[in-house]
Amino acid sequence: MHIQEWLETVPAISVYVLVGVVIGLESLGIPLPGEIVLISAALLAAGHDGINPWILGACATAGAVIGDSIGYAIGRKGGRPLLAWLGGRFPRHFGESQIAMAERSFQKWGMWAVFFGRFVALLRIFAGPLAGVLHMPYWKFLTANVLGGIAWAGGTTAVIYSVGVVAEAWLKRFSYLGLALAVLIGLASMLILKNRAKKAAAQSTAESAPASVPVAD
């Protein structure tokens, strides 16, 4: 069966549930490709009359807000030992350098780190649990969480869906190219963040290292 014909048979409810669950789990702190799933679903909605972009955006937003809130609760209860445990299980995502970069972002930006972190792959995973670990006041976290979830999930759905409607014929022919480009952009951003994380960890280590005391003659 042709791929487009198969996609036409996908029930809309399954798409809504998949997007909400994947984004919710990613926001909770589990490394999953939430952004790629959302982009793929928005592209599918552009060529699938049965998928409502408003409902899709609402499900994505709900998953983001609920997942982040659960992550906050887990982080507040688990504290630093939770980060150490996650570092052992997911060293590429919760290693010392990544945590150092995320903590510096929170110390510098506060609740704005939660809002803007929604748009950055690495911080999107960290935002909820780390805000809980650092005991950020919940009302601040919730405000940034809701606004960031609406702006990221709703905005991404609206933009990708609009592009899909305007360029439907092009996207039908080159949809995989578009997805491949999205993946490459995501990988590039992760490499940049990884490099910044290493620099942040090195700077943090240098600042915390005790100053050398000269030996008296």
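Reading the values: rules and limits
- Residues numbered from 1 in each chain as written.
- Predicted model: local features only at pLDDT ≥ 70, side-chain atom pairs only at ≥ 80, totals over all residues.
- Heavy atoms only, no water.
- Helix = DSSP H or I, 4+ residues; strand = E, 2+ residues; numbered from the N terminus.
- Buried < 20%, exposed > 50% of the residue type's maximum accessible area, 1.4 Å probe, protein only.
- Contact = heavy atoms within 4.5 Å.
- Areas by Shrake-Rupley, 256 points an atom, 1.4 Å probe, with all protein chains shown as cover.
- Salt bridge = Lys/Arg side-chain N within 4 Å of Asp/Glu carboxyl O.
- Polar contact = N/O pair within 3.5 Å; in protein donor to acceptor, adjacent residues only side chain to side chain.
- Expected span 1.5 Å × (residues − 1).
- Axes fitted to C-alpha atoms, helices over the stretch in contact; angles between N-to-C directions.
- Parallel < 35°, antiparallel > 145°, perpendicular 65-115°, else oblique.
- Left-handed = near helix turned anticlockwise from the far one by under 90°.
- Nonpolar A, V, L, I, M, F, W, Y, C, P; charged D, E, K, R; others polar.
- Core = buried A, V, L, I, M, F, W, Y, C linked by side-chain atoms within 4.5 Å.

1. What to know about the overall build of the protein
Phase 1: Summing up its helical and strand segments, the protein has ten helices and zero strands in all.
Phase 2: Its helices and strands taken in sequence order, the protein reads α-α-α-α-α-α-α-α-α-α from the N to the C terminus.
Phase 3: Taken over 217 residues, the protein has a buried fraction of 40%.
Phase 4: Sequence separation of at least 24 residues holds for 79% of the intrachain contacts in the protein that already meet a minimum separation of 6.
Phase 5: Roughly 12300 Å² of accessible area belongs to the protein as shown, and the carbon and sulfur atoms make up 69% of that amount.

2. What about the pattern of salt bridges?
Phase 1: If you walk through the whole model with that rule in mind, you get one salt bridge.
Phase 2: Ionic pairing is found between Arg118 and Asp68, a salt bridge with its closest N-O pair at 2.8 Å. With Arg118 in the loop between α7 (111–117) and α8 (121–133) and Asp68 in helix α4 (residues 53–89), this pair connects stretches of sequence that are 50 residues apart.
Phase 3: Here Asp68 falls in the buried class, since its relative accessible area comes to 1%.

3. A few points about the environment of Val22
Phase 1: By the element assignment, Val22 lies in helix α2 (residues 12–28).
Phase 2: By relative accessible area, Val22 is classed as buried at 13%.
Phase 3: Along the sequence, Val22 and Ala64 sit 42 residues apart, while their C-alpha atoms lie 9.2 Å from each other.
Phase 4: Leaving out residues up to four positions away in the same chain, Val22 has contacts with Leu32, Pro33, Gly34 and Val37.

4. Focus on the side chain of Thr157
Phase 1: Residue position: Thr157 is located in helix α9 (residues 138–166).
Phase 2: On the accessibility criterion, Thr157 (3% relative accessible area) is buried.
Phase 3: One polar contact links the side chain of Thr157 to the main-chain carbonyl oxygen of Ala153, over a distance of 2.8 Å.
Phase 4: For Thr157, the residues in contact, after removing those within four places along its chain, are Leu38, Ala42, Pro53, Leu56 and Gly57.

5. Here we look at helix α3 (residues 34–46)
Phase 1: Here α3 contains 13 residues, and its C-alpha end-to-end distance of 19 Å stays within 8% of the 18 Å for a straight helix at 1.5 Å per residue.
Phase 2: For α3, the complete set of buried residues consists of Gly34, Val37, Leu38, Ile39, Ala41, Ala42, Leu44, Ala45 and Ala46.

6. Observations concerning the packing of α2 against α3
Phase 1: For the pair α2 and α3, the least separation of the axes is 9 Å and the interaxial angle reads 160°. Taken together, the axis directions place α2 and α3 in an arrangement best described as roughly antiparallel. Between α2 and α3 the crossing geometry is left-handed. Note on element contacts: α3 touches α2 through Gly34, Glu35, Val37, Leu38, Ala41 and Leu44, opposite Val15, Leu18, Val19, Val22, Ile23 and Glu26.
Phase 2: When grouped by side-chain class, the residues that make up the contact of α2 with α3 number nine nonpolar, one polar and two charged.

7. Section: the nonpolar core
Phase 1: Formed by 21 residues in total, the largest nonpolar core has its most connected members in Val15, Val19, Ile23, Leu38, Ile51, Leu56 and Ala60.
Phase 2: Those elements that provide at least two residues to this core are α2, α3, α4 and α9.
Phase 3: It is α3 that contributes the most residues to this core, seven residues altogether.
Phase 4: Residues in contact with Leu56, not counting those within four places in the same chain, are Val15, Tyr16, Val19, Ala41, Ala42, Ala45 and Thr157.

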